[in-house]
Amino acid sequence: STERAWVEINIEHLNQNYVRLKNKLAAGCEIMAVLKADAYGNGDLIMAKELSRLGVRAFAVETVDEGITLRKNKIKGEILIFSETPETQIVALSKYGLTQSVASLEYAKLLNSTRKHISIHINLTAEMEHLQGNRIGVEEVKKIYQQEYTRVTGIYAKLTNEASTQLEDIILTEMEIEAFYSIITYLKGEGIAVGKTHLQSSYGILHYPHIKCDYARVGSALYGLCDGEGQFKPVLSMRARVLMTKQLSDGECYYYGDCYIANREMNVAVISIGSADGIPKGLSSGDGYLILHGERVPVIGQVCMNQLLVDISQLEQVAPGDIATVVGSEGELT
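Rules and cut-offs
Residues numbered from 1 in each chain as written. Predicted model: local features only at pLDDT ≥ 70, side-chain atom pairs only at ≥ 80, totals over all residues. Heavy atoms only, no water. Buried < 20%, exposed > 50% of the residue type's maximum accessible area, 1.4 Å probe, protein only. Helix = DSSP H or I, 4+ residues; strand = E, 2+ residues; numbered from the N terminus. Arc of directions from axis to C-beta. Contact = heavy atoms within 4.5 Å. Pairing = 2+ DSSP bridges. Patch = residues over 30% accessible without salt bridge, like charges linked within 9 Å, V, L, I, M, F, W, Y side chains within 5 Å. Areas by Shrake-Rupley, 256 points an atom, 1.4 Å probe, with all protein chains shown as cover. Salt bridge = Lys/Arg side-chain N within 4 Å of Asp/Glu carboxyl O.

Trainee: Just give me the short version of helix H8 (residues 138-145), but keep the residues and values in it.
Mentor: Side chains that are three or four residues apart share a direction in an α-helix, a result of its 3.6 residues per turn. Along H8, the residues classified as buried are Val141, Lys142, Ile144 and Tyr145. The buried residues of H8 occupy one face: seen down the axis, they fall within an arc of 155°. Buried residues belonging to H8 abut strand E5 (99-102), helix H6 (105-113), strand E6 (118-123), strand E7 (150-156) and helix H9 (167-189).

In structure tokens:
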């Protein structure tokens, strides 16, 4: 229903974000679309089906249940599970053809002990964070490759500060990248077919596009939630209606949750959305804004459960029923 508050999904924005990201990647690198948490709230099945149409053949989710949902809805390709799957659900990895992330030899042995043929990606993040490595160790990594039932189809790490532009963080990130490549080179020198490699996420693509891997794990930028200097457009927008407008005089108290006292003559509008719809109360009292009639209007007073108040003094002819953008984009504004 669009009578009160609703969400819109803009598939064209998804397509545009995908193309921009693809154009930034090194030759031969493909996008692994991250669909965890319902594709960041955008709808995992909607996103997965459209991305599959665009040619994406690798996905990542947080839990095995998320992976199962994708498979039951006929999503093909590789689906990587980030979190360790509980022992009681390990059989599902084999049954649904899911790929499990492994960050320790102990967990790799547990998977192998089931005698199910399970694909895994080795997570070297701890190696990158500590550079010396204290969680898996290169020799233990070799043992994982040698297990009888599990099959290593990839190896990856997460860069700890790829979003930062501070010099010290850039230096650390470059050291992590070098350490990752060093491990890969060593394993290949030992005659090991390492499988698919991936290191970048959204900010990694923006700040370190030179990285050459098989995949780049992309979530926030794909859905327009990444600060990419306006390069990426929000896929999801949340809209609400103007319920009423009111003119306040200087010093007038308007009862709205806590009493809001006007500090000048002003026009205000009550919007049909609030904390029960997921709007944080931290956006109260001028810390948040909405888009109305193509202009940003500040949230004033307290965000209540089902409504909030905005200052519309700079606008003309605002009327009940008008549409406000709470999250996402309207025209060129986000």
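What follows continues from the structure just given.
Trainee: Just give me the short version of the pairing of strand E17 (residues 323-327), but keep the residues and values in it.
Mentor: Residues in a regular strand project their side chains so that they alternate between the two faces of the sheet. Here 4 bridges tie strand E10 (residues 236-248) to E17, and the two strands are oriented antiparallel to one another. Residue Arg239 lies in a different strand from E17, and its bridge partner there is Thr325. Across 2 bridges, the pairing between strand E14 (residues 289-292) and E17 is antiparallel. Residue pairing in the sheet places Leu292 in a bridge with Ala324 of E17.

Trainee: How would you explain unusual backbone geometry if you had to name every residue and give the values?
Mentor: With a phi close to 60°, Tyr40 is a non-glycine residue in the positive phi region. Here Tyr40 is to be found in helix H2 (residues 36-40). On the basis of relative accessibility, which here comes to 32%, the residue Tyr40 falls in the partly exposed class. With a phi angle near 55°, His293 is a residue other than glycine that sits in the positive phi range. Considering the arrangement of structural elements, one finds His293 in the loop between E14 and strand E15 (295-300). For His293, a relative accessible area of 38% puts it in the partly exposed group.

Trainee: Can you tell me about a nonpolar patch on the surface, naming the residues and giving the values?
Mentor: Nonpolar side chains collect at one region of the surface, where Val7, Ile9 and Ile46 lie side by side and expose about 230 Å² of accessible area between them. Among the structural elements, Ile46 can be located in helix H3 (residues 44-54). Residue Ile46 is classed as partly exposed on the basis of its relative accessible area of 46%.

Trainee: How would you explain the pattern of salt bridges if you had to name every residue and give the values?
Mentor: Within the structure shown, the criterion is met by 7 salt bridges. Here Arg53 ties to Glu50 by a salt bridge, and the two come within 2.7 Å at their closest N and O atoms. Taken together, the residues span about one helical turn, with Arg53 and Glu50 both in helix H3 at a distance of 3 residues. For Glu50, a relative accessible area of 12% puts it in the buried group. One salt bridge in this structure joins Glu190 and Lys142, with 3.0 Å as the shortest N-O distance. Here the residue Glu190 occupies a position in the loop between H9 and strand E8 (196-198), and Lys142 occupies one in helix H8, the gap between them amounting to 48 residues. Bridged by salt links that share partners, the residues Glu139, Lys142 and Glu190 form one connected network.

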